[in-house]
Amino acid sequence: MSKWVYAFDEVEQAEKHVDGSWDGVRALLGGKGANLAEMTRIGVPVPPGFTITTEACNAYLAAGEKFPAEMWAQVVDALEGIETKTGKSFGNPSNPLLVSCRSGAKFSMPGMMDTVLNIGLNDEVAGEMVKMTGDARFVYDSYRRLVQMFGSVVLNVDDEPFEDVLSDYRARRGVETDSELAAEDFEEIVEEFKAIVRRFAHQDFPTDPLRQLALAAEAVFRSWNGKRAFDYRNAAGIDHNLGTGVNIQTMVFGNMGDDSATGVAMSRDATTGEPHLEGDFLVNAQGEDVVAGIRVTDPIDHLRVVMPTSYEEFSATAQKLEQHYREMQDMEFTIERGKLWLLQTRDGKRTAQAAVRIAVDQVEEGMISKEEAVMRVHPDQVDFFLHPQFDPESRRRAVEAEELVATGLNVSPGAAVGVAAFDADLAERWAKDEGKHVIMVRPETKPDDVHGMLAADGILTSRGGRTSHAALVARQFGKPAVVGVAELEIDMANRLMQVGGKEIVEGDWISIDGTTGEVFAGQLSTKVPDIEDPWLTKLLSWADEFRRLEVWTNADYPRDAERARSYGAQGIGLCRTEHMFFEPERMPFVQQMITAESPTRQQEALDVLLPFQRDDFAGLFRAMDGLPVIIRLIDPPLHEFLPAYEDLTHSITDQKIRLAHATSLRELDEILRHLAEEEHMLERVEALREMNPMLGTRGVRLGIMIPELTKMQVRAIFEAACRVAREGIVTHPEIMIPLTSHVNELKRQREVLEAEAKAVMEEQGTEVDYKFGTMIEIPRAAITADQIAEYAEFFSFGTNDLTQTTFGISRDDAETGFLISYLEQGILTVNPFASLDEEGVGKLMKWGVEQGRATRPGLEVGICGEHGGDPSSIDLCHRLNLDYVSCSPFRVPIARLAAAQAAIRHG
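None of these values were measured; they are calculated from a predicted model. The written sequence of each chain sets the order in which its residues are numbered from 1. In view of the model being predicted, local features appear only for residues whose pLDDT reaches at least 70, and side-chain atom pairs are presented and counted only at 80 or more, with totals across whole chains, interfaces and linings using the full set of residues. Only hydrogens and water are set aside when side-chain values are computed; all heavy atoms of the structure are taken into account.

Student: Run through the overall build of the protein chain, naming residues and quoting values.
Tutor: In this description a helix means any DSSP run of H or I spanning at least four residues, a strand means any run of E spanning at least two, and both kinds are numbered starting from the N terminus. Looking only at helices and strands, one finds 38 helices and 33 strands in the protein chain. For the C-alpha atoms alone, the extent of the protein chain along its principal axes is close to 105 × 75 × 50 Å. Out of the 907 residues belonging to the protein chain, those deemed buried represent 57%. Contacts were defined at the residue level, with two residues in contact if any of their heavy atoms lie within 4.5 Å. Here the analysis covers contacts within the protein chain between residues at least 6 apart in sequence; of these, 70% occur between residues at least 24 apart. Accessible surface area values rest on a Shrake-Rupley calculation with a 1.4 Å probe, where residue burial reflects the displayed protein chains alone. Summing over all exposed atoms, the protein chain offers an accessible surface of approximately 36,500 Å²; the carbon and sulfur share of this is 48%. With 92 positive and 148 negative side-chain charges, the protein chain shows a spacing of 3 Å between the two charge centroids. Each residue is placed in one exposure class: buried if its accessible area under a 1.4 Å probe, protein chains only, is under 20% of its type's maximum, exposed if it is over 50%, and partly exposed if it falls in between. Counted charges follow a simple rule, with Lys and Arg positive, Asp and Glu negative, and His plus the chain ends left uncounted. To locate a charge, take atom NZ for lysine, CZ for arginine, CG for aspartate or CD for glutamate.

Laid out in structure tokens, this is it:
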């Protein structure tokens, strides 16, 4: 017989079911259920309960939403176990047991699935509870919560009708919060809520406690496939096949008076990582009041004032849990008439800054090892240290102009600038379909808003605290966020907000700073910061101890090289020389070189370009003193340096029209001169025009067809190297010949270019340590790598083009066309231009490495496409035994961490 249900004190049985693996226990019971069982085992005060397994959820969904055989009988047995532990009876008015029903998947998904509290209440039970407790307000407050939650979660009734009733009662009584309403109010509200259920769900609120529980459990199971949960899993990379557990737990009440409270807190600051409790709580409330942002919460430190004994007990419990799990904890608690209960714990969501600081601090506290710290921080979290910040001068001007309109809670760092969107659907549409930068503005966010939050650049709410839904999701996905801006008044009907004496209409620009909590009207300028965080510096230094792969950078200019080196780059893996040609003062000579009708005119242009290139390379060599610099010779087809064919034809047509209407000889001469120049340019453009330029005359083919061009580049490289060598700079130029597909191309080009290099060194009287190599970006080059390695001292995989030529698709066309559909349909699971295709491109790379090194042992091999900064691609490069990855300067710190994690992961 399958076991579908485990009591919180049956964790050992669950371990046996999964062969003792804690990861297996989490998969079976869900993270919440596993942690409730573990807290019970180590003596933390947890209300008794049980978990229906994730296996039951998957079986339920697979069977067309039917409970698996024997599951419900096991639920009833487990309920009897709770009754024995508590001395109460489920459904018995004289001594009623009330329970909660909560979701809990293997990986935390805050607010994405459903919860129902106070199950077991009906009119008869409520009446007896009033007699037993003498507190009618508490009983009917709990009852109305059950009807509202049950209606919303189980019967799919919108929240608005319920909230309208509560708002009406608050207005009639002249109070601001629900907690100020009287018992009689709540008793009337219960009846109005039941009428809402009857009107919108077309059925009565069920009075049978067992039926309430069964329907609630089904709702939790179904919520696994709800849109908000599905979107969240997509964004967080969580498998859709895991299923969720259902946790049935004895209700404890934080709304029984001024000696009761409920809250959510972290064992460390989730924004900064500082080692102190951070969170929110409310006296005389239930948990949903805290996380929903409906009431203004108190900071957890204030609990020390109002309930000092409970605060000290909770603080000690938080430390105990953190020591036990060896990780920062996010805890939900309730204090019922002075008694502390823990309702859940989980590894806390945190900002990137907090993740890094906590990992480093826990090493220095002796809690975890350096290897664990390195593995704790996701490489993408390092990217958040480079999130934009407001330019200080732009901020100063905004403050002087009184555009600083409000300050709220700084719950997720970074600056964000965008147009205000007041609902999630609009935020998503503007961001995805129209390419707008968006700040999503809401009174508070709910799980149904997640798709808009993921699409937005930043999040702003008028309500909510540091543990609100908005704060948790923003931290999870690195979105700058400011919450709890009390002075922000949002008029959803008229799509505008008022704050700081200003009216901001939906679509107006606003700027928020999630680091400081500031909100500005209008657009502020942003800048990318340098990495100066001491905890990140230390973590990356540990990463450097473990990684085997070197991390180089793609840099075309000295300023990029200097920045990359400051970030830890160990060389330049790609300098694109053609980018230097696009400088305005150089372009006329580049075009002269291309359009010249005689070798003399062409050489004149090359002679002008030579000193420009020489200075470029000298600057790079100085910036990378002592480190290798790979310089790729010109790669794109020449037509890219000329005006577009369509633009020229349109301009010539315009000139001819002007010619027909010329009114003076001077104007006529000017038009004729322009017309002759453009017609000559058009002839050259037409001559160079190719049907498929990506596979046309470019790279090594261009060097063979116009050897003077690449000879000029090699001369500039070696003249620069010799010049800076005389300054005491140590240079290691590596000349990369692109787009090789046949060994004879490389052989021919290297012969010509190496002769030029040797001639320069002889002229200069200086020897330079150099290499010649090639870019492997054509499948044939990878397949014949053994031959190519005879003439190449290094390989650099150009994985952008190698992916295009392996798949036979154009990246520019695919990523705006069918590739999107392929990803949505699951034909491809990942974008091969974002993460390397291990089964196809990866096999070509593996073959190329092995065959190349079979010919030339010790062959230097790296990667220089955009994949060089992608963590999963870096993992593959480690396993393929590459020597380095090269990426943009801003990805260098990310690559350092990813390379270390690959080394630790694979031993």
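Student: Can you break down the sheet that holds strand 11 (residues 329-336) residue by residue, with the values?
Tutor: Taken in spatial order, the five strands line up as 10-9-8-11-12 in an open sheet, and their pairing is antiparallel. The open sheet is flanked by strand 10 (298-299) and strand 12 (339-347), the only strands paired with a single partner. Both strand 11 and strand 12 contribute to a ladder of eight bridges, which runs antiparallel. Bridging across to strand 12, isoleucine 335 finds its partner in leucine 340. When DSSP finds two or more bridges between a pair of strands, those strands are recorded as paired.

Student: Residues and numbers for the sheet that holds strand 14 (residues 404-407), please.
Tutor: Ordered by their spatial adjacency, eight strands build an open sheet running 14-24-23-16-17-18-19-15, and the pairing between neighbours is mixed. Pairing within the sheet leaves two strands with one partner each, and these edge strands are strand 14 and strand 15 (409-412). With strand direction ignored, the average angle separating the axes of adjacent strands in the sheet is 30°. Here strand 15 runs beside strand 19 (residues 481-483); their pairing, made up of three bridges, is antiparallel. Looking at the pairing, asparagine 410 lines up with valine 482 of strand 19. For every element, the axis is a line fit to its C-alpha atoms; helices are fit only across the contacting stretch, and the angle between N-to-C directions ranges from 0 to 180 degrees. Against the sheet, helix 17 (residues 392-400) engages strand 14 and strand 24 (518-521), with an angle of about 70° to strand 24.

Student: So what's going on with the packing of aromatic side chains? Residues and values would help.
Tutor: Stacked, tilted and edge-to-face pairs are distinguished by plane angle, under 30 degrees for stacked and over 60 for edge-to-face with tilted covering the rest, among Phe, Tyr and Trp rings (Trp via its six-membered ring) whose centres lie within 6.5 Å. For the structure on display, the rule yields 16 aromatic pairs. When the ring of tyrosine 770 is compared with that of phenylalanine 772, the centres are 5.8 Å apart and the planes differ by 85°; the resulting orientation is edge-to-face. We classify phenylalanine 772 as buried; its relative accessible area is 1%. In textbook terms, an aromatic cluster arises when at least three aromatic residues are bridged by ring pairs, as seen for Tyr60, Phe67, Trp72 and Phe221.

Student: Account for the pattern of salt bridges, with residues named and values stated.
Tutor: Each reported salt bridge corresponds to a side-chain nitrogen of Lys or Arg within 4 Å of a carboxyl oxygen of Asp or Glu. Inspection of the entire model under this criterion finds 64 salt bridges. One salt bridge connects glutamate 545 with lysine 370, and the closest N-O pair in it is separated by 3.8 Å. Highlighted residues: glutamate 545 in helix 21 (residues 534-546) and lysine 370 in helix 15 (residues 370-376), separated in sequence by 175 residues. The closest approach of N and O atoms between aspartate 556 and arginine 576, which form a salt bridge, is 3.3 Å. Here arginine 576 lies in strand 27 (residues 572-576) and aspartate 556 lies in the loop between strand 26 (550-554) and helix 22 (558-566), a separation of 20 residues in the sequence. The class for arginine 576 is partly exposed, based on a relative accessible area of 21%. Linked by salt bridges that have partners in common, Arg137, Asp141, Arg144, Arg145, Arg170 and Asp178 make up one network.

Student: Describe the packing of helix 33 (residues 799-807) against helix 36 (residues 841-855), and please don't skip the residues or the numbers.
Tutor: Two numbers describe how helix 33 lies on helix 36: the axes approach to 10 Å, and their chain directions differ by 115°. At the point where helix 33 passes helix 36, the crossing takes the right-handed sense. Across the interface between the two elements, Thr799, Leu802, Thr803 and Thr806 of helix 33 pack against Val841, Leu844 and Met845 of helix 36. Gly is put with the polar residues, along with every residue not named as nonpolar or charged; the nonpolar set is Ala, Val, Leu, Ile, Met, Phe, Trp, Tyr, Cys and Pro, and the charged set is Asp, Glu, Lys and Arg. In the contact of helix 33 with helix 36, the residues fall into four nonpolar, three polar and no charged. By convention the crossing between two helices is left-handed if the near helix lies anticlockwise of the far one by an angle smaller than a right angle, and right-handed if it lies clockwise.

Student: Talk me through the pairing of strand 26; I want residue IDs and the actual numbers.
Tutor: Most of strand 26 is tucked away, with four of its five residues classed as buried. Judged from the four bridges that link them, strand 26 and strand 33 (residues 884-887) form a sheet pairing that is parallel. From the neighbouring strand, glutamate 550 faces strand 33, where its bridge partner is tyrosine 884. Judged from the two bridges that link them, strand 26 and strand 27 form a sheet pairing that is parallel. What sits directly across from threonine 553, in strand 27, is isoleucine 572.

Student: Would you mind going over helix 27 (residues 665-688) in detail, with residue names and values included?
Tutor: In a regular helix each residue adds 1.5 Å, so 24 residues correspond to 34 Å; helix 27 covers 35 Å between its end C-alpha atoms and thus fits that length. Taken as a whole, helix 27 has its buried residues at Ile671, Leu675, Glu678, Met681, Leu682, Val685 and Leu688. By definition here, a helix of n residues has an expected span of 1.5 Å times n minus one.

Student: Requested: an account of the environment of arginine 350, with residues and values cited.
Tutor: Its location among the elements puts arginine 350 in the loop between strand 12 and helix 14 (352-364). Sequence separation of arginine 350 and threonine 271 is 79 residues, and the distance between their C-alpha atoms is 6.1 Å. The contacts of arginine 350, once residues within four sequence positions are left out, are Ala270, Glu327, Met328, Ala355, Ile358, Gln381 and Arg475. Among the polar contacts made by the side chain of arginine 350, one reaches the side chain of glutamate 327 at a distance of 2.9 Å. Polar contact is the term for a pair of N or O atoms within 3.5 Å; when the atoms are in protein, one must be able to donate a hydrogen and the other to accept it, and sequence-neighboring residues count only if both atoms are side-chain atoms.

Student: Mind laying out the state of the cysteines, listing which residues take part and the relevant values?
Tutor: When the sulfur atoms of two cysteines come within 2.5 Å, that pair is taken as a disulfide. Going through the model one piece at a time under the given rule, you end up with zero disulfides. Not engaged in a disulfide, the cysteine cysteine 877 finds its nearest cysteine sulfur in cysteine 864; these two sulfurs lie 11 Å apart. Assessed through its relative accessible area of 1%, cysteine 877 is described here as buried.

Student: Got a sec to walk through unusual backbone geometry? Specific residues and values, please.
Tutor: Of note in the backbone geometry, arginine 495 takes a positive phi value of approximately 55° without being a glycine. Tracing the backbone through its elements, the reader meets arginine 495 in the loop between strand 20 (489-491) and strand 21 (496-499). By relative accessible area, which is 25% here, arginine 495 ends up partly exposed. Phi angles above zero are rare outside glycine, and asparagine 881 is one such case at about 65°. Positionally, asparagine 881 belongs in the loop between helix 37 (871-879) and strand 33. Relative accessible area serves as the criterion here: at 41%, asparagine 881 is assigned to the partly exposed category.

Student: Hey, could you go over the side chain of aspartate 533 for me, with residue numbers and the actual values?
Tutor: Examined against the element boundaries, aspartate 533 turns out to sit in the loop between strand 25 (526-527) and helix 21. Put simply, aspartate 533 is tucked away with no salt bridge, and the nearest opposite charge, on arginine 357, sits 7.7 Å away. Polar side-chain contacts of aspartate 533 include one of 3.0 Å to the backbone nitrogen of tryptophan 535. There is a polar contact of 2.8 Å between the side chain of aspartate 533 and the backbone nitrogen of leucine 536. In contact with aspartate 533, not counting residues within four places along its chain, are Val356 and Phe385.

Student: Describe the packing of helix 29 (residues 707-726) against helix 30 (residues 743-764), and please don't skip the residues or the numbers.
Tutor: Contact geometry for helix 29 and helix 30: axes closest at 9 Å, N-to-C directions at 35°. Handedness of the crossing formed by helix 29 with helix 30: right-handed. Here helix 29 contributes Thr710, Lys711, Val714, Arg715, Phe718, Glu719, Cys722 and Arg726 to the contact with helix 30, which in turn contributes Gln749, Val752, Leu753, Glu756, Ala757, Val760, Met761, Glu763 and Gln764. Looking at side-chain class alone, the contact of helix 29 with helix 30 contains eight nonpolar, three polar and six charged residues.

Student: For helix 3 (residues 54-62), give the residues involved together with the corresponding values.
Tutor: Turning to helix 3, its buried residues are Thr54, Ala56, Cys57 and Tyr60. Along the axis of helix 3, the buried residues cluster in a sector spanning 155°; they form a single face. Where helix 3 is buried, its residues meet helix 2 (22-41), strand 2 (49-52), helix 4 (71-86), helix 9 (209-223) and strand 7 (244-250). A positive backbone phi angle near 75° is found at glycine 64, which sits one or two residues after helix 3. Within this analysis, the arc is defined by the directions that extend from the helix axis to the C-beta atoms.

Student: Which residues make up the pairing of strand 24, and what values do they have?
Tutor: Burial of the side chains of strand 24 extends over both faces: Glu518 and Phe520 are buried on one face and Val519 and Ala521 on the other. Looking at chain direction, strand 14 and strand 24 are connected through three bridges and run antiparallel. Across the sheet, the residue bridging to leucine 404 is phenylalanine 520, located in strand 24. Sheet topology note: the strand 23 (residues 509-513)/strand 24 ladder contains four bridges and is antiparallel.

Student: Just give me the short version of a negative patch on the surface, but keep the residues and values in it.
Tutor: Here a patch means residues that are over 30% exposed by relative accessible area and free of salt bridges, tied together within 9 Å if like-charged and within 5 Å if nonpolar (Val, Leu, Ile, Met, Phe, Trp, Tyr). Among the surface-exposed residues, Glu184, Glu187, Glu188 and Glu192 lie close enough to one another that they form a single negatively charged patch. The class of glutamate 187 is partly exposed, set by a relative accessible area of 40%.

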